[in-house]
Amino acid sequence: MPSRRQSRPDGAGEAAGKSLFAGYETLPKFYDEMFEAPGVPRPHCRELCDALDGMRPAEIAAMQEYAERSFLHQGITFAVHGEDDAQERIIPIDFLPRLLDAADWDLIERGLRQRLDALNRFLGDVYGQAHILSDGVVPTALVRGCPQYRIEMQGLRVPHGVYVAVCGTDIVRTNDGFAVLEDNLRVPSGVSYMLANRRALKRSLRNLFRRHRVRRIDHYGVLLRRTLEELAPSGVTDPCIVLLTPGVYNSAFYEHMFLAQEMGVELVQGSDLVVHNGFVYMRTTEGLRRVDVIYRRVDDDFIDPLAFRPDSLLGTPGLFHAYRLGNVTIANAPGTGVADDKSVYAYVPEMIRYYLAEEPLLANVETHLCRDPDGLTYTLDNLDKLVVKMVGESGGYGMLVGPHATPEERAAYAVELRKNPANYVSQPVLDLSVAPSHTDDGAAPRHVDLRPFILRGRETRLVPGAFCRVALVEGSLVVNSSQGGGGKDLWVLSD
Amino acid sequence: MLSRNAQGLYWMGRYLERARHGCRLLSEQIAALEDQPVEQIDSNWRRLYQALDRAPVAGSLTPNPDDDDFMLADAYTLSDDLTFEPNNPDSIRNCVARARENARQVRNIVPDSMWSCLNLAFLELRDTSIETIWNDRPDMFYAQTENTVRAFTGIAESAMYRDEAWQFLRLGRFIERAQLLAVLLDAQIGLYPTDDHHHESDWRSLLYICEAEFAYRRLYSLQHQPRRIVDFLVVDARLGHSIRHALAELIEALDFVSGGRPLEVAAGRRAGRLASGIDHDWPERDSDDDAATRAALQGIRRSCRGLHDDVAGTYFEYEIEDTP
């Protein structure tokens, strides 16, 4: 992993005397979130720019250091796959916030509501009558052959038709505007970092907040709880909600703990749950207590060894049976992965037109499916210009960034690709927008994306905010936390 | 409360009490290294290892009385073994690490300040080694670590709501304390018979380990009478580190978690029997007979283990058919 910037809280170094943006260079190729031209901030960023420019870079560095130390002390950490020594790491915070004006957010919010609506309808359809398949809008083989398609869900009715109760959608901005990079419909994570980054900034930059009319996001836990309550099995008035975690060694354990605390619900592991006579109970010191809604942060495979992976030690035997009986709600529902498969993703705009008879408000990224002969040929011919992804992977794993790879790496990747083309999709390398990030030499442009979280119960809800990820390494387009990305606070401004 | 959470809190209480006890034993031992004769240092190491129920590092308990350097190197190895040794499950670092691991699992139900306190202690201990503390001030290290545990206890006292979470934490802490005290006293009498008057400083150091020296001095005298000390540490419920006090605390905790019906659970009945044994049978034993005293202490230790099994069987790992 490339080394992270070194902060110098004492202000040593060339930047000590300069103002924050003195050496900032906008990059002509990329949309800059803060500057519309060199030295000219966008209207909604002007005030912040002035305020920040008055601070010494060393001050920002010191605040950043303080925030990161407090993340470590509070255990706001995540674990990286395949790393033993650094079992718990923080997601570095970049203290310069990214601003979105009211109009931009409005578009994003409407676009996300529309998208999640269509995706839930799609799931209800493919696990029901499958009209969209028989009408030939989405290829049947693509859906039924998807490893995330769960035949066990066929014909099952879920409360309010909600399969995806919590969705985390990755959005990027290019020179052509906003586009959805992917939908995370299984167990999206990152919302705790959104809230932690906001808390850290609020502590240090309290005055700026007030002046900017930043919309608040701290009620996320309340909205999540309300959403889950609405999804309780019918007839249950005061549902017992639990958050199901794989346990303390899971990379997102901190978030599970945090959300359970925010919602005031129990944090359980599979072994805490027992299925008895078709109902789910948790084991308490006072005996068994009935559970009505499970917000699970465990993959489908590990929910119930009887229904899915028999070798799983994490699950609760019989849980899926209780679910089928309608005695418990599992959110998100099993089998939602069929809608965020990277090949199925390509059809989301069609789904929106099909179910809602509307044009998509947020664009998709142009995607070539290697399962189609044309897509495969195109991908292989343009490997040096494309980003290739494996359909079932996430977190930046199994990905090839063509222009940044060596010819040997591309050749090796092509060999794997040919073996199983259906497992791959390719997209153009996106000109992700940049935002000023704090570095030792003052502010510098770095690529960013954002992941808002959308909730769906009886109605759709979202807080005006997102986990904004930033590629801290100069020139890098990879924002994933597991690949050296950091986080920054996103300020959605009210009108 | 979720059984696993109750279990986590219970073990957190036990591990921290164990870590604190280890710090106390070692800081007394480090102080002894400075001015006590070699034989005494040696027998105190034996007391320490027996009190922790661990076999000493091979060959390390046969020091050469003529060679002071050798003794110090030895203390270094032994302290490392008891403080940092990764394979010693009860080393101080492992106790803190496990307490913190448990705290991590239950941090959604305890105040943040408790978690932060333990997490900081863990992060510091993780980056410390015997070399560092030995080159610096080992006595300070043990004092600081002990103070961290005390701070944690203090934070829990002031910040925790007195619900089941609090009671299970308390239960673990005091079952551990009663058991550790019984084992320590047994080892003490085994090494220093109560009718032998040549070991006054070893009895004084026992009082120090149990944080009882101050109270003893005020209540009794400057004369350290072994039998009086044993009685003091077993029977006097006003002494924080007496077995009877630990029992009073854990009985209160059991009273709460059993919903005010402690006699309906096995642990409540056992704790009650144990307490009345100390109140009635203990004074009636032949206090001149060290073997009888040790047998009684071993009985207390067995009862503490039984208490643990009772608590686990009733609240943590019960069969589904007979839920409480």
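Residues numbered from 1 in each chain as written. Chains lettered and ligands numbered in written order. Predicted model: local features only at pLDDT ≥ 70, side-chain atom pairs only at ≥ 80, totals over all residues. Heavy atoms only, no water.

Remarks on the interface of chain A and chain B
Each partner contributes residues to the interface: chain A has 26 residues there, and chain B has 28 residues. Between chain A and chain B, the buried area comes to about 2,400 Å², and carbon and sulfur atoms account for 48% of it. By the criterion of area lost to chain B, the three top residues of chain A are His73, Arg283 and Thr285 of chain A, representing 29% of everything that side buries. Summed over the shared surface of chain A and chain B, the result is 1 salt bridge. Where Asp272 of chain A meets Arg4 of chain B, a salt bridge forms, and the shortest distance between an N and an O atom there is 2.5 Å. Linking chain A with chain B are 14 residue pairs in polar contact (both at pLDDT 80 or more). Going through the elements one at a time, α2 (57-74), α9 (253-263), β9 (266-268), β11 (279-284) and β12 (287-290) of chain A are the ones with two or more residues in the side of chain A that touches chain B. With 5 residues, α9 of chain A is the largest single contributor of residues to the side of chain A that touches chain B. (Contact = heavy atoms within 4.5 Å. Buried area = accessible area lost by both parts, 1.4 Å probe. Salt bridge = Lys/Arg side-chain N within 4 Å of Asp/Glu carboxyl O. Polar contact = N/O pair within 3.5 Å; in protein donor to acceptor, adjacent residues only side chain to side chain. Helix = DSSP H or I, 4+ residues; strand = E, 2+ residues; numbered from the N terminus.)

Quick word on the domain arrangement of chain A
Residues and elements named next belong to chain A. According to the domain assignment, chain A consists of domain 1 (28-155 + 165-216 + 341-365 + 434-495), domain 2 (234-327) and domain 3 (366-428). For domain 1 and domain 2, the distance between their C-alpha centroids amounts to 28 Å. Counting residues at the interface gives 22 residues for domain 1, matched by 20 residues for domain 2. When domain 1 packs against domain 2, the two sides together hide about 1,700 Å² of surface, and 55% of this comes from carbon and sulfur. Sorting the residues of domain 1 by area buried against domain 2 places Arg150, Glu152 and Val187 first, and these three jointly supply 31% of that buried surface. There are 3 salt bridges connecting domain 1 and domain 2. (Domains from an automatic or database assignment.)

Some details on the packing of helix α12 (residues 243-257) of chain B against helix α14 (residues 290-316) of chain B
Axis angle and axis distance: for two packed helices, these are the angle between their axes and the distance between the axes, and together they describe the pair. Residues and elements named next belong to chain B. Direction vectors running N to C along α12 and α14 enclose 15°, while the axes themselves pass 13 Å from each other. Looking at the two axes, α12 sits roughly parallel to α14. For α12 against α14, the interelement crossing comes out left-handed. Between α12 and α14, the contacting residues are Ile243, Leu250, Leu254 and Val257 on the first element and Leu297, Ile300, Leu307, Val311 and Tyr315 on the second. In the contact of α12 with α14, the residues fall into 9 nonpolar, no polar and no charged. (Axes fitted to C-alpha atoms, helices over the stretch in contact; angles between N-to-C directions. Parallel < 35°, antiparallel > 145°, perpendicular 65-115°, else oblique. Left-handed = near helix turned anticlockwise from the far one by under 90°. Nonpolar A, V, L, I, M, F, W, Y, C, P; charged D, E, K, R; others polar.)

Here we look at the pattern of salt bridges
One pass over the structure, following the stated rule, counts 56 salt bridges over all chains. Between Arg353 of chain A and Glu359 of chain A there is a salt bridge; the shortest N-O distance is 2.9 Å. The shortest N-O distance in the salt bridge between Arg162 of chain B and Glu157 of chain B comes to 3.7 Å. Take Arg162 of chain B: its relative accessible area is 36%, and that puts it in the partly exposed class. Classification of Glu157 of chain B by relative accessible area gives partly exposed; the value is 42%. Taken together, the shared-partner salt bridges in this structure form one network comprising Glu17, Arg20, Arg24, Glu146, Arg150, Arg177 and Glu211 of chain B. (Buried < 20%, exposed > 50% of the residue type's maximum accessible area, 1.4 Å probe, protein only.)

Looking at α12 of chain B
All names here are of chain B. Taking 1.5 Å as the rise per residue, α12 with 15 residues should run 21 Å; its terminal C-alpha atoms sit 21 Å apart, in good agreement. For α12, the full list of buried residues reads Ile243, Arg244, His245, Ala246, Leu247, Glu249, Leu250, Ala253, Leu254 and Val257. The inward-facing, buried residues of α12 abut α8 (164-191), α11 (226-235), α13 (266-284) and α14. One or two residues past the end of α12 sits Gly259, with phi positive at roughly 70°. (Expected span 1.5 Å × (residues − 1).)

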